Amino acid sequence: NESFSLQPDSPSLSRRKLLNFLTGAVVATTTGAALYPAAKFFIPPSETSEDGGILAKDQLGNPILASQLLAEAPGSRALIAGLAGEPTYLTVREDETLSPMGIVDNCTHLGCTFPWNSNAQQFQCPCHGSLYDARGRVVRGPAPLPLKLTRVVVKNEAIWLYPWHELDPRTGERPWWV
Ligand code: FES
């Protein structure tokens, strides 16, 4: 995982914890993918908004602040606990905002979890070799469909996640998961 680089000149404790979590999560993803293709290893967050959103949290159940993720370089990915406990990748964009497209870490072939390869700029499924581009479109099968999306909304530093019901901007069509 090269999504985040640790700075040698002592980041704050909270930031270091976050980085440790993110690194650990990706390692867990890779290991879990090999052993338990459909495993969901996150505990679903419980905080919800009135309009059906849930707060993005780390594995300790602490809300993740947008500023924590935006402190990382553009192009970085963070793996967080998403809707229904599905691990979800959030992306720091070039304009230093979070992408509204969260990408669910669940391969559309047989449900393995997978790491982000920053060198190749791809999500690479270790189970049967499917490759997805940075937006979750299939580059190489056997995956038949693009990765599921989650809507990401930042409000006052909090990161809220919602089911994605709108058209899929990658295909211009109704999402396959709706
Ligand atoms: Fe990902 Fe088969 S589960 S390629």
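Anyway, here's the lowdown on the structure attached to this text. Numbering of residues starts from 1 in each chain and follows the order in which that chain's sequence is written. The model is predicted, so local features are restricted to residues of pLDDT at least 70 and side-chain atom pairs to those at 80 or more, both for listing and for counting; the totals for chains, interfaces and linings are taken over all residues. Note that the side-chain values use all heavy atoms of the structure and ignore hydrogens as well as water.

### So, the sheet that holds strand E6 (residues 122-124)
Strand pairing in a sheet relies on backbone hydrogen bonds. The paired strands run either parallel or antiparallel.
1) Next: The pairing criterion for strands is at least two bridges between them, as found by DSSP. Only DSSP runs of H or I covering at least 4 residues are called helices, and only runs of E covering at least 2 are called strands; the numbering of each starts at the N terminus. Taking strand neighbours across the sheet as the criterion, the 4 strands line up as E5-E6-E7-E8 in an open arrangement whose pairing is antiparallel. One side of each edge strand has no neighbouring strand; the edge strands of this open sheet are strand E5 (116-117) and strand E8 (138-140).
2) Next: Relative to E8, strand E7 (residues 131-132) runs antiparallel, the two sharing 2 bridges. Pairing of Tyr 132 across the sheet is with Val 138, part of E8.

### What to know about the sheet that holds strand E2 (residues 77-81)
1) Next: Strand order in this open sheet of 6 strands is E1-E10-E9-E4-E3-E2, and the pairing throughout is antiparallel. For this open sheet the edge positions go to strand E1 (54-55) and E2, each flanked by a neighbour on one side alone.
2) Next: One ladder, built from 6 bridges, connects strand E9 (residues 149-155) with strand E10 (residues 158-163); its direction is antiparallel. Paired with Arg 151 across the two strands is Tyr 162, which belongs to E10.

### Quick notes on the packing of aromatic side chains
1) Next: The aromatic pairing rule takes the rings of Phe, Tyr and Trp, using the six-membered ring of Trp, and pairs them if the centres are within 6.5 Å, calling planes under 30 degrees apart stacked, those over 60 edge-to-face and the rest tilted. Here the structure, examined in full by the defined rule, presents 6 aromatic pairs.
2) Next: Between the aromatic rings of Tyr 89 and Phe 123, the centroid separation amounts to 4.9 Å while the plane-to-plane angle is 50 degrees, which identifies the pairing as tilted. Here the residue Tyr 89 occupies a position in strand E3 (residues 87-91), and Phe 123 occupies one in strand E6, the gap between them amounting to 34 residues. Take Tyr 89 and Phe 123: they sit in the same class, and that class is buried.
3) Next: When the centroid spacing of 5.3 Å and the interplanar angle of 90 degrees are considered together, the rings of Trp 176 and Trp 177 count as edge-to-face.
4) Next: Throughout this description, buried means an accessible area under 20% of the type-specific maximum (1.4 Å probe, protein chains only), exposed means over 50%, and partly exposed covers the range between. Its relative accessible area of 18% is what places Trp 177 among the buried residues.
5) Next: A connected cluster of aromatic rings, assembled from ring pairs, spans Tyr 89, Phe 114, Trp 116, Phe 123 and Tyr 132.
6) Next: Between the NZ or CZ atom of Arg 77 and the centre of the ring of Trp 116, over which it lies, the distance is 3.8 Å.
7) Next: Placement of a positive charge over a ring is assigned whenever Lys NZ or Arg CZ falls within 6 Å of the ring centre and within 35 degrees of the normal to the ring plane. Over the ring of Trp 164 we find Arg 151, and its NZ or CZ is 4.1 Å from the ring centre.

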